[in-house]
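Results of the structural survey
Take a look at the letters that make up each chain.
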Amino acid sequence: QVQLVESGGGLVQAGGSLRLSCAASGSRFSISAMGWYRQAPGKERELVAAETSGGSTNYADSVKDRFTISRDNAKNTVYLDMNSLKPEDTAVYFCNARVIFGGNPFEYIYWGQGTQVTVSS
């Protein structure tokens, strides 16, 4: 099993910044990709940003040039730096990790508990 613990959400005014962190813990695992998703009230969960262990990144069009994802592979931690926040960024943000255990070739997907980000206008 792997646990994902998120931190860094909160309330911020439009135009402000926040940094989200997500640390993965467990035993005998490696992470192929980590990322962030978000879900606003009444909407489906959507990808915000993701980064593979090789450093490739993928962003939702709505956050490009405002959000930056980064990883510390040694700490199994992923960060999301959010700048120029807008009210429409308000959502619960979930950390996501694709995990491989030992010699098992299969990938397992884990989710964090979510952290609320609220952007006031």
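Okay, so let's go over this structure. This is a predicted model, so every value here is computed, not measured.

**Observations concerning the overall build of the protein**
For the protein, the count of helices and strands is zero helices and eleven strands. Each helix (α) and strand (β) of the protein, taken in turn from the N terminus, gives the series β-β-β-β-β-β-β-β-β-β-β. Whereas a compact globule of 121 residues would reach a radius of gyration of roughly 14 Å, the protein reaches 14 Å, a difference of no more than 12%. Buried residues in the protein amount to 40% of all 121 residues. Across the protein, every contact between residues at least 6 apart in sequence was considered, and the portion connecting residues at least 24 apart equals 55%. Looking at the protein, you have 11 positive and 11 negative side-chain charges, and the mean spots of the two groups are 3 Å apart.

**Structural notes on the nonpolar core**
Nonpolar side chains in soluble globular proteins generally cluster together in the buried interior. In this structure, Leu-4, Met-34, Trp-36, Leu-80, Met-82 and Tyr-93 are the most contacted members of the largest nonpolar core, which totals 31 residues. Elements with a minimum of two residues in this core: strand S1 (2-7), strand S3 (18-26), strand S4 (29-39), strand S5 (46-52), strand S7 (67-72), strand S8 (77-82), strand S9 (91-101) and strand S11 (115-120). It is S9 that contributes the most residues to this core, six residues altogether. When near neighbours in sequence (up to four residues on either side) are disregarded, Tyr-93 contacts Glu-6, Leu-20, Trp-36, Tyr-37, Arg-38, Val-48, Phe-67, Leu-80, Met-82, Gly-114, Thr-115 and Val-117.

**Here we look at the side chain of Asn-96**
Examined against the element boundaries, Asn-96 turns out to sit in strand S9. According to the relative accessible area criterion, Asn-96 is buried, its value standing at 6%. The residues contacting Asn-96, other than those within four sequence positions of it, are Leu-4, Ala-33, Met-34, Gly-35, Tyr-37, Ile-109, Tyr-110 and Trp-111.

**Things to note about the sheet that holds S3**
Taken in spatial order, the four strands of this open sheet run S1-S3-S8-S7, and their pairing is antiparallel. Of all the strands in the sheet, just S1 and S7 have a single pairing partner and so form its edges. Across the sheet, the mean angle separating the axes of adjacent strands is 15° when strand polarity is ignored. By the bridge criterion, six bridges tie S7 to S8 in an arrangement that is antiparallel. Each bridged residue has a counterpart across the sheet, and for Arg-71 the counterpart in S8 is Val-78.

**Some points on the pattern of salt bridges**
This structure, assessed with the given rule, holds six salt bridges. The partner of Arg-38 in a salt bridge is Asp-89, with the nearest N and O atoms 3.0 Å apart. Here the residue Arg-38 occupies a position in strand S4, and Asp-89 occupies one in the loop between S8 and S9, the gap between them amounting to 51 residues. Of the two residues, Arg-38 and Asp-89, both sit in the buried class. Measuring nitrogen to oxygen at the nearest pair gives 3.2 Å for the salt bridge that ties Lys-64 to Asp-61. Of the residues examined, Asp-61 reaches a relative accessible area of 65% and is grouped as exposed. The structure contains a network of salt bridges with shared partners spanning Arg-38, Glu-46, Arg-66 and Asp-89.

Rules used throughout
Residues numbered from 1 in each chain as written. Predicted model: local features only at pLDDT ≥ 70, side-chain atom pairs only at ≥ 80, totals over all residues. Heavy atoms only, no water. Helix = DSSP H or I, 4+ residues; strand = E, 2+ residues; numbered from the N terminus. Rg over C-alpha atoms; globule rule 2.2 N^0.38 Å. Buried < 20%, exposed > 50% of the residue type's maximum accessible area, 1.4 Å probe, protein only. Contact = heavy atoms within 4.5 Å. Lys, Arg positive; Asp, Glu negative; His and termini not counted. Charge placed at Lys NZ, Arg CZ, Asp CG, Glu CD. Core = buried A, V, L, I, M, F, W, Y, C linked by side-chain atoms within 4.5 Å. Pairing = 2+ DSSP bridges. Axes fitted to C-alpha atoms, helices over the stretch in contact; angles between N-to-C directions. Salt bridge = Lys/Arg side-chain N within 4 Å of Asp/Glu carboxyl O.

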